[in-house]
Amino acid sequence: MNILWLKTELLHPLDKGGKIRTYNMLRELKRDHKITYLTLDDGTADDTARAQSLEYCDELVSVRHQSRQKFTAGFYADLLFNLASPLPYAIRKYYAPLMRNEIRDRIRTGKFDLIVCDFLAQAANVPFDLGCDGVPALLFQHNVEAMIWKRHYEVQSNPLKKSYLYTQWLKMRAFEQKMCRRFDSVVAVSSDDRDQMQSEYGVESVFAVPTGVDTDFFRPSGNEKPSRHNIVFTGSMDWLPNEDAITYFTEKIMPRIKQAIPDVTLTVVGRDPYPSLRDLASRDSSIEVTGRVDDVRPYIERAAAYIVPLRIGGGTRLKIYEAMAMEKAIISTTIGAEGLPVQDGAELLLADTEELFAEALIRVLSDKVLASDLGNRAAATVRSKFGWERVAKKFGAICEETLVLAHSRKPASGKMRETNANRGKPIQPVAET
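Residues numbered from 1 in each chain as written. Predicted model: local features only at pLDDT ≥ 70, side-chain atom pairs only at ≥ 80, totals over all residues. Heavy atoms only, no water.

Between H12 and P13 the backbone carries a cis peptide bond, its omega angle lying at 0°. Residue placement: P13 occurs in the loop between strand 1 (2–7) and helix 1 (17–29). Phi is positive for F119, close to 80°, though the residue is something other than glycine. Checked against the element boundaries, F119 lands in the loop between strand 4 (114–118) and strand 5 (137–141). A positive phi angle, near 65°, is found at E327, a position not held by glycine. Within the secondary structure layout, E327 lies in the loop between helix 12 (318–325) and strand 12 (330–332). (Helix = DSSP H or I, 4+ residues; strand = E, 2+ residues; numbered from the N terminus.)

Once that is clear, we can look at helix 13 (residues 354–366). Spanning 13 residues, helix 13 covers 18 Å between terminal C-alpha atoms, matching the ideal 18 Å at 1.5 Å per step. Along its buried surface, helix 13 packs onto strand 8 (230–234), helix 9 (240–260), strand 11 (305–308), strand 12, strand 13 (349–350) and helix 14 (368–385). (Expected span 1.5 Å × (residues − 1). Contact = heavy atoms within 4.5 Å.)

Let's shift gears to a nonpolar patch on the surface. Among the surface-exposed residues, L80, F81 and L83 lie close enough to one another that they form a single nonpolar patch of about 360 Å² accessible area. Tracing the backbone shows L80 in helix 3 (residues 73–81). (Patch = residues over 30% accessible without salt bridge, like charges linked within 9 Å, V, L, I, M, F, W, Y side chains within 5 Å. Areas by Shrake-Rupley, 256 points an atom, 1.4 Å probe, with all protein chains shown as cover. Salt bridge = Lys/Arg side-chain N within 4 Å of Asp/Glu carboxyl O.)

Averaged over the protein chain, the pLDDT score is 90; the fraction of residues at 70 or greater is 93%. When the criterion is pLDDT under 50, residues 412–433 qualifies, and its contacts beyond four places in sequence or with other chains add up to 64 contacts. (pLDDT = per-residue confidence, 0-100.)

Bringing the packing of helix 12 against helix 14 into the picture now. Taken N-terminus to C-terminus, the directions of helix 12 and helix 14 make an angle of 115°; their axes are 7 Å apart at the nearest point. The orientation of helix 12 relative to helix 14 falls into the category roughly perpendicular. The interaxial crossing formed by helix 12 with helix 14 has left-handed handedness. Facing helix 12, whose interface residues are Y321, M324 and A325, helix 14 presents G375, A378, A379, T381, V382 and R383. For the contact of helix 12 with helix 14, a count of residues per class yields six nonpolar, two polar and one charged. (Axes fitted to C-alpha atoms, helices over the stretch in contact; angles between N-to-C directions. Parallel < 35°, antiparallel > 145°, perpendicular 65-115°, else oblique. Left-handed = near helix turned anticlockwise from the far one by under 90°. Nonpolar A, V, L, I, M, F, W, Y, C, P; charged D, E, K, R; others polar.)

With respect to topology, six strands assemble into an open sheet ordered 10-9-8-11-12-13, the strand pairing being parallel. Across the chains shown, the open sheet's two edge strands, defined by having one partner strand only, are strand 10 (287–291) and strand 13. Pairing geometry for strand 12 and strand 13, over two bridges, is parallel. The residue of strand 13 that forms the bridge with I331 is L349. (Pairing = 2+ DSSP bridges.)

Taken as a whole and assessed by the stated rule, the structure comprises 23 salt bridges. Residues E224 and R302 are paired through a salt bridge, measuring 2.9 Å at the closest nitrogen-oxygen approach. Of the two residues, E224 is situated in the loop between strand 7 (206–208) and strand 8 and R302 in helix 11 (residues 297–302); the sequence distance between them amounts to 78 residues. Since its relative accessible area comes to 24%, E224 is described here as partly exposed. Assessed through its relative accessible area of 30%, R302 is described here as partly exposed. A salt bridge links E389 to K393; the nearest nitrogen and oxygen atoms lie 3.7 Å apart. With E389 and K393 both in helix 15 (residues 388–409), this residue pair falls four residues apart, about one helical turn. (Buried < 20%, exposed > 50% of the residue type's maximum accessible area, 1.4 Å probe, protein only.)

Looking now at the pairing of strand 2 (residues 34–41). Along strand 2, seven of the eight residues are buried, which leaves the element largely enclosed by surrounding structure. Alignment of strand 1 against strand 2, held across six bridges, turns out to be parallel. What sits directly across from I3, in strand 2, is I35. A crossover connection joins strand 1 to the parallel strand 2 through helix 1; in handedness this β-α-β unit is right-handed. Both strand 2 and strand 3 (residues 59–64) contribute to a ladder of six bridges, which runs parallel. Across the sheet, the residue bridging to D41 is R64, located in strand 3. Tracing the backbone out of strand 2, into helix 2 (residues 47–52) and back to the parallel element strand 3 gives a crossover that is right-handed. (Right-handed = clockwise from strand over helix to strand, strands pointing away.)

What follows covers the environment of I287. Within the secondary structure, I287 sits in strand 10. Placed 214 residues apart in sequence, I287 and A73 show a C-alpha to C-alpha distance of 30 Å. The residues touching I287, leaving out its near neighbours within four places in the chain, are T250, M254, L266, L280 and A281.

To continue, consider the packing of helix 1 against helix 15. Relative orientation of the contacting elements helix 1 and helix 15 amounts to 75°, with a least axis distance of 9 Å. Judged by the inter-axis angle, helix 1 sits roughly perpendicular to helix 15. Counting all contacts with helix 1, which are made through I20, R21, N24, M25, E28 and L29, the residues of helix 15 involved are W388, E389, V391, A392, F395 and G396. By residue class, the composition of the contact of helix 1 with helix 15 is seven nonpolar, two polar and three charged.

See the structure below:
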């Protein structure tokens, strides 16, 4: 197949879960298919990142697009103006007429067999007014995005923020439903997400592919000495669910652990830590904040336990599989491990209140045998079932099935596709607001 892959960013550096998932998927797919990678580019990527794109695509095409930097005056102004937009802010900031025109022009060349829209945000730029000129289109959903915003709204205590998040949830739900029903097929990263999109959005052609991990790369080196009472968290700290998780952990859970284990330490590894976390680390010597690192493995290997205290989120967490492959004892909330085929007490421990989370961590930090057993079982599971080669083969099979589904729905007299609930109705372009 000749695939036009749509994305909002270059993949290097591989510093967040969505990038890592896409990179490994594409690297495997590129063995059998030709990939044209069409992406938005904010100008921050260096020449090395562009050169490294050849690892996952045959051709790189970038379109300049600048979004507001977080926590600036312009950023807050955009949030305010978004009240008048039908699109949620997380989608509107990626809307780019130049990208829409580039996609349109590429489709019209007639050389592509399939369009893959990677993440929901890029769907705002797909020109459905053309019916994609008869080219089948697949939406790769790493999360049920509306669920994330619903959970943001539910845990927020500030009345003003809660009201704003409520409107963002409603906008995201409406946009996500519309987009999922416009594509020929949708790929979810867990059976839970697949079932939710089927039941809530009425999507017929939705498939689930598991999350994978590079089990050769993520493996203990034996060169790092574990710190007896160190806890580690890894993840992009500019992603709101991760910010909420660490705020929750440091405020509600860590003080409970310190009562039982006074020398416990926390290492937070991930790009763009929010300012208040850096301030906390400067005042509290038990907390280390690294920012972006080139390799997370030494930090995971040195830890006695790995935590995923997420209260918000969707999709599946690659970080859990990475920690499993590194043979770490993992303590997670149910939401943190959502969508992964792991069992409480087997590959990890699940805890959904601050009291139970602290209790589980204290058990692991105090019992080396328990920690070792959890880590060994986790590693055995992930190495036997979740390598990227197997995951990519399943994704490729879904791409092939999408071609069959799309052509079976194509009207005999024209280019416009009829998809799911839109059959028989003209498909309108996304509002350009």
